[in-house]
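Residue-level listing of the chains:
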Amino acid sequence: MIVDDDPAGDWTAPGVYRCAPGVYRIPLPLPNDGLRAVNVYALADGAGLTLVDAGWALAQSREALAKALAELGAGLGDVRRFLVTHVHRDHYTQAVVLRREFGTRVALGRGEQPGLEELALPRRERRRQLDQLRRAGAGAIVRQLERMAPPDGPNEYEFPDEWIDDGARIVVGAGEPDQRVLEAVATPGHTRGHVVFADPAAELLFSGDHVLPRITPSLGLEPAPRQSPLTDFLTSLELVRSRPDAALLPAHGPTGMRVHQRVDELITHHAKRLDATLAAVQDGRSTAFEVAEVLLWTRRDTPFAELDLFNRMLATIETSAHLEVLAERELVTAEDRDGIRHYTT
């Protein structure tokens, strides 16, 4: 049954939720406790559908998507194309798997090309993220990750059919009375090739992980990270803030917020985080790992030592991003010694 979206409800509950005329939110399950679902948005596209994001290539995700599409009178083969906001597996990999079966076209931001080139390598040759952690002084995390690394198996990543350029205009339902034109806006930060899709006529923004209503997106967690992802992210937030306001359609979390309100909150959050990071360096912490250890994490203010391995990795990488911004602003001095980056005031 299709129901109108209720921002006060459980946004992870399976189903089909009408967000706007011809726009339907479909939450798909994720296999972890912290983030339990990803929102895929189905747009009426003539006799078929265009989907914004695709979900993780998991059996339960495919089943949930097929069931939701049936509510819309469609099947997996009726999806004409996937417009994917970024390359993380919970957004991209199901598009790759369904393309193999149905020939569905997949489009992805052009900035994700270096990351996909890294992912095309055998697992043992993908070193850039581990090198990033070593440089942050997180050798203990690297050793744990190396011990846990699974053997090479089938690669769930492939290149898209189409690279999306910044400013690209994407017509959905061409020639139909309800035709819509989406504008792709490059928003690097969460990943280097992240894009959002603006629908100015309907005042909607499909924001992917760039603007999330309840959490702050991770920064720099990608196979080919850039030097300063927080700088990229803050610049992208300002870009989105400069555009006309819109209803926020996020990849994780409920709908119901306005874009400008949440962007302002995210900018404020990172300003406070930069202050806390600087204070830790002033107290004598010099590497990203050491700084991350004394900060609190997640919405629940969890101590670093209580995080699981994956979230300790995220915390360390994000701390590196904040330290790089402090160095760019000349509030700290950065120096590489024996392959580890140190910061001092």
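Anything mentioned here points back to the structure above.
Chains are numbered independently. Their residues run from 1 in the order of the written sequence. In keeping with the model being predicted, local features are shown solely for residues with a pLDDT of at least 70 and side-chain atom pairs are shown and tallied solely at 80 or more, while totals for entire chains, interfaces and linings include all residues. As a rule here, side-chain values cover all heavy atoms of the structure and leave hydrogens and water aside.

Caption draft 1: Molecular detail of the overall build of the protein. Broken down by element type, the protein carries nine helices and 17 strands. Atoms counted for the radius of gyration: C-alpha only. Globule rule: 2.2 Å times the number of residues to the power 0.38. A compact globule built from 345 residues should have a C-alpha radius of gyration of about 20 Å, and the protein, at 20 Å, falls within 12% of that. Counting only C-alpha atoms and orienting by the principal axes, one finds that the protein spans roughly 60 × 45 × 35 Å. Burial classes: relative accessible area under 20% of the type maximum marks a residue as buried, over 50% as exposed, and values in between as partly exposed (1.4 Å probe, protein chains only). Each of the 345 residues in the protein was classed as buried or not, and the buried ones make up 51%. In the protein, of all internal contacts separated by at least 6 residues, the share reaching a separation of at least 24 is 63%. Of the roughly 15300 Å² that the protein leaves accessible, carbon and sulfur atoms contribute 49%. For the purpose of counting charges, residues Lys and Arg are taken to be positive, whereas Asp and Glu are taken to be negative. His and the chain ends are not included. For the purpose of locating charges, the reference atoms are NZ of Lys, CZ of Arg, CG of Asp and CD of Glu. Side chains of the protein give 39 positive and 51 negative charges; the mean places of these two sets differ by 2 Å. Only DSSP runs of H or I with at least four residues qualify as helices, and only runs of E with at least two residues qualify as strands; both kinds are numbered from the N terminus onward. Any two residues whose heavy atoms approach within 4.5 Å at even a single point are treated as in contact. Computed with the Shrake-Rupley method and a 1.4 Å probe, the accessible areas treat only the protein chains shown as cover for residues.

Caption draft 2: Seen up close, the nonpolar core. Put simply, buried Ala, Val, Leu, Ile, Met, Phe, Trp, Tyr and Cys residues joined by side-chain atoms within 4.5 Å make one nonpolar core. With 47 residues, the main nonpolar core has Ile 141, Leu 230 and Phe 304 as its most contacted residues. Elements that contribute at least two residues to this core include exactly helix 4 (128-135), helix 5 (139-148), strand 11 (195-199), helix 6 (229-242), helix 7 (259-282), helix 8 (288-294) and helix 9 (309-328). Of all the elements, helix 9 adds the most residues to this core, at nine residues. When residues no more than four places from it in sequence are discounted, the contact partners of Ile 141 are Leu 133, Phe 289, Phe 304, Leu 309, Arg 312, Met 313 and Thr 316. In terms of nonpolar packing, the next biggest core, distinct from the first, is built from 32 residues, Val 84, Val 87, Trp 163 and Ala 251 among them.

Caption draft 3: Spatial organisation of the sheet that holds strand 13 (residues 247-250). Strand pairing requires that DSSP identify at least two bridges connecting the strands. Spatial ordering of the open sheet is given by 9-10-11-12-13, a layout of five strands whose pairing is mixed. The strands lining the two open edges of the sheet, one partner per strand, are strand 9 (169-172) and strand 13. Ignoring strand direction, the axes of neighbouring strands in this sheet form an average angle of 25°. As paired strands, strand 9 and strand 10 (residues 180-186) are joined by four bridges and run antiparallel to one another. Residue pairing in the sheet places Val 171 in a bridge with Val 181 of strand 10. Each axis is a line fitted through C-alpha atoms, and for a helix only the stretch in contact is used; angles between axes span 0 to 180 degrees, taken between their N-to-C directions.

Caption draft 4: Structural view of the sheet that holds strand 6 (residues 79-84). Overall, mixed pairing links the eight strands, which are arranged 1-2-3-4-5-6-7-8 in an open sheet. Of all strands in the sheet, those with a lone pairing partner are strand 1 (2-4) and strand 8 (162-164), marking the two edges. Direction aside, neighbouring strands of the sheet carry axes that sit 30° apart on average. Taken together, the four bridges between strand 6 and strand 7 (residues 105-109) define a ladder with parallel strand orientation.

Caption draft 5: Structural view of the pairing of strand 2 (residues 16-20). The pairing of strand 1 with strand 2 spans three bridges and is classified as parallel. For Val 3, the partnering residue across the bridge sits in strand 2 and is Tyr 17. Pairing geometry for strand 2 and strand 3 (residues 23-29), over three bridges, is antiparallel. Within strand 3, the residue paired with Arg 18 across the bridge is Tyr 24.

Caption draft 6: Here's a closer look at the side chain of His 260. Note that His 260 resides in helix 7. Excluding its chain neighbours within four sequence positions, the residues that come into contact with His 260 are Val 240, Arg 241, Arg 243, Pro 244 and Asp 245.

Caption draft 7: Geometry of the packing of helix 5 against helix 9. The interhelical angle for the contact between helix 5 and helix 9, taken along N-to-C directions, is 135°, at an axis separation of 11 Å. With respect to each other, helix 5 and helix 9 are oriented oblique. Here helix 5 runs over helix 9; the crossing is left-handed. The residues of helix 9 that touch helix 5, namely those facing Ile 141, Gln 144, Leu 145 and Met 148, are Leu 309, Arg 312, Met 313 and Thr 316. Here the term charged refers only to Asp, Glu, Lys and Arg, the term nonpolar to Ala, Val, Leu, Ile, Met, Phe, Trp, Tyr, Cys and Pro, and the term polar to all other amino acids, Gly among them. Looking at the contact of helix 5 with helix 9 residue by residue, the classes come out as five nonpolar, two polar and one charged. Any angle between 65 and 115 degrees counts as roughly perpendicular, while under 35 counts as roughly parallel, over 145 as roughly antiparallel, and the rest as oblique. Take the far helix as the reference: if the near one is turned anticlockwise from it by less than a right angle, the crossing is left-handed, and if turned clockwise, right-handed.

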